[in-house]
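Residues per chain are reported as follows:
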Amino acid sequence: MRPLGRLGKRGDQPAARHESAEGLVVVPDDEPEVAEEAESSGSTHTEIQYLLLKLGADMGYRVHVARNDQSRVWNGQRLGDMPRRRQQLPQQFDPVTNQTIELIDVLWLDGNAIVAAFEVESTTSIYSGLLRMSDLLARQPNIQVPLFLVAAEERREKVIQQVNRPTFERMKPPLAEVCRYISFEGLREALVTVQNYITYLKFDWLQTVSESCALEDL
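Below, the structure is looked at part by part.

What counts, and at which threshold
Residues numbered from 1 in each chain as written. Predicted model: local features only at pLDDT ≥ 70, side-chain atom pairs only at ≥ 80, totals over all residues. Heavy atoms only, no water. Core = buried A, V, L, I, M, F, W, Y, C linked by side-chain atoms within 4.5 Å. Buried < 20%, exposed > 50% of the residue type's maximum accessible area, 1.4 Å probe, protein only. Helix = DSSP H or I, 4+ residues; strand = E, 2+ residues; numbered from the N terminus. Contact = heavy atoms within 4.5 Å. Phe/Tyr/Trp six-rings, centres within 6.5 Å; stacked < 30°, edge-to-face > 60°. Pairing = 2+ DSSP bridges. Axes fitted to C-alpha atoms, helices over the stretch in contact; angles between N-to-C directions.

1. Thoughts on the nonpolar core
Membership of the largest hydrophobic core comes to 33 residues, with the highest contact counts inside it found for Ile48, Leu52, Leu55, Trp108, Phe118, Trp205 and Leu206. Secondary-structure elements contributing two or more residues to this core are helix 1 (35-58), strand 3 (62-65), strand 6 (106-110), strand 7 (113-121), strand 8 (147-151), helix 7 (184-193) and helix 8 (205-209). Per element, the largest residue contribution to this core is 6 residues, and it comes from helix 1. Ignoring anything within four residues of it in the chain, the contact list for Ile48 reads Val120, Val150, Phe184, Leu187 and Arg188.

Have a look at this one:
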């Protein structure tokens, strides 16, 4: 695993405030959002969701796409109409937890068990996905669901920096210990490599295309 580059100091940028299960989370807005980037990254976001949904379905899992993304279309395929999509999530959690789970970008399910959760981060801000994952862990501390943050390779350093914020380090377990990173580029390349035998892949294959977000593991 290559070492994580030197993490830059945070400047005095205006702070964004988000409500999480542990209270108010204040995070600096490091880079301003621009319309052109948002439009382009929206297409990338849909592409990666499509790839993850198709991969999960091809591996034999039922899949779920975020409730507010079901009308998105990639390559002529509406995400809400993907093969093996599960329309209703298991109801073993309380209503507030279910509201959080329904907005996670992609889920893989085996029966009523969620076996993997993916947040795709393609815009400047990566906080919404992190907060959904932290909310899930805060409300269900005993849940054992592998969490994956999927983002461009150029944003790898920033993603890992944010996962290791003190806000998330205080969680039990810390978010960095249960969350792994997958790059867009690595996912695309890996899917090309295994395209002829995807149906034979086991879940552990994700370990080979992802990396730990814990700083001591880098």
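2. Observations concerning the packing of aromatic side chains
What the rule picks out here adds up to 4 aromatic pairs. Taken together, a centroid distance of 5.1 Å and an interplanar angle of 20° make the contact between Phe118 and Phe148 stacked. Of this pair, Phe118 sits in strand 7 while Phe148 sits in strand 8, and the two are 30 residues apart along the sequence. Note on Phe118: relative accessible area 0%, which makes it buried. Residue class for Phe148 comes out buried when judged on its relative accessible area of 0%. What links up through ring pairs into an aromatic cluster is the set Tyr61, Trp108, Phe118, Phe148 and Phe203.

3. Observations regarding the sheet that holds strand 8
Sheet architecture is open: 6 strands sit in the order 3-6-7-8-9-10, paired in mixed fashion. With partners counted over all chains shown, the strands left at the sheet margins are strand 3 and strand 10 (211-212), one partner each. Relative to strand 8, strand 7 runs parallel, the two sharing 5 bridges. Opposite Glu119, over in strand 8, you have Leu149 as the bridge partner. On top of the sheet, helix 7 reaches strand 7, strand 8 and strand 9 (179-183); it is set at about 70° to strand 9, its chief contact.

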